[in-house]
Amino acid sequence: MKLHVDRLTDSPTPHRFVLTPAWWREVSGSPEDASEGLAGDLEAEVRAHKMGADVYLEGELRGALALECGRCLARYRQPIREAFRLVLEPAGDRVPADPEGAAALARDGVYLSDEVEAGWFRGSEIDLGGFFQEGIALLFPVQPLCREDCRGLCPSCGVDRNTESCSCPETSPSSPFAALRGLRHQMTGGEER
Ligand SMILES: [Zn+2]
Ligand SMILES: [Zn+2]
């Protein structure tokens, strides 16, 4: 996913990269049968130009993520269409303070600062793989839900309550704090403190 910096001009030129599920597994270190990943190829459209000595990139990621619902465990696709931009200034003689950043600058010719949309570049060729990887990682929801009102699995018998009903008594939603209280209750021999 190389961009030739020395070929860029003042007017934006389009570039297109294809990010495959196999590429994602490799860079994210997820196994072949991981429940989350890319649902097919992602397309990254990038328009790049020079702005003085800086490199200015903007574009869009398009495709779909493969996710697993946190409530009913169903696997589902979530379409994504995410705009991004990145401004890189020449690193010059500077070296990033964090070793990982310094390694990335040496290896890929690009270092992303904490702001993500800004960074440094070095040399005539930069590899955008690390930038795409960070951007995609942020798109995965912390609590994936197949749909807003997913009813999940019955905690007693395990049926998918979206498609089946069961006769298990409705239990009150247990919170981790309630479980902790119960545990403490046992440990103190029933004496609540
Ligand atoms: Zn669900
Ligand atoms: Zn049940």
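One can find the structure itself at the top, above this paragraph.
All of the points below concern the structure found in this document.

What counts, and where the lines are drawn
Residues numbered from 1 in each chain as written. Chains lettered and ligands numbered in written order. Predicted model: local features only at pLDDT ≥ 70, side-chain atom pairs only at ≥ 80, totals over all residues. Heavy atoms only, no water. Donors = N, O, S within 2.8 Å, 3.2 Å for Na, K, Ca; no water. Tetrahedral: all angles 85-135°; square planar, octahedral: opposite > 155°, others 65-115°. Helix = DSSP H or I, 4+ residues; strand = E, 2+ residues; numbered from the N terminus. Buried < 20%, exposed > 50% of the residue type's maximum accessible area, 1.4 Å probe, protein only. Salt bridge = Lys/Arg side-chain N within 4 Å of Asp/Glu carboxyl O.

What follows deals with the coordination of the zinc ion (ligand 1). Those protein atoms acting as donors to the zinc ion (ligand 1) are Cys69 (SG), Cys72 (SG), Cys146 (SG) and Cys150 (SG), and they sit at 2.3 to 2.4 Å. Here the zinc ion (ligand 1) binds four donor atoms, and the angle range of 108 to 112° at the metal identifies the geometry as tetrahedral. Counting along the primary sequence, the residues that act as donors to the zinc ion (ligand 1) give the motif C-x2-C-x73-C-x3-C. With a gap of 81 residues between them, cysteine 69 in the loop between β5 (54–68) and β6 (75–90) and cysteine 150 in the loop between α3 (129–137) and α4 (176–187) connect regions that are remote in the sequence. Residue cysteine 69 shares its accessibility class with cysteine 150, and that shared class is buried.

The subject of this paragraph is the coordination of the zinc ion (ligand 2). In this structure, Cys154 (SG), Cys157 (SG), Cys166 (SG) and Cys168 (SG) serve as the protein donors to the zinc ion (ligand 2), at separations of 2.3 Å. Around the zinc ion (ligand 2) sit four donor atoms; with metal-centred angles ranging over 107 to 113°, the donor geometry is tetrahedral. Binding-site remark: the zinc ion (ligand 2) is held by donors from one chain whose sequence spacing is C-x2-C-x8-C-x1-C. With cysteine 154 in the loop between α3 and α4 and cysteine 166 in the loop between α3 and α4, this residue pair connects regions lying twelve residues apart in the sequence. Given the relative accessible area of 30%, cysteine 166 is considered partly exposed.

A separate point is unusual backbone geometry. With a phi close to 65°, leucine 73 is a non-glycine residue in the positive phi region. Here leucine 73 lies in the loop between β5 and β6.

Now for the pattern of salt bridges. For the structure shown, the criterion picks out eleven salt bridges. Among the ionic pairs, arginine 62 bridges to glutamate 45, the shortest N-O distance being 3.2 Å. Taken together, the residues arginine 62 in strand β5 and glutamate 45 in strand β4 (residues 42–51) connect sequence positions 17 residues apart. Between arginine 107 and aspartate 108 there is a salt bridge, with its nearest N and O atoms 3.2 Å apart.

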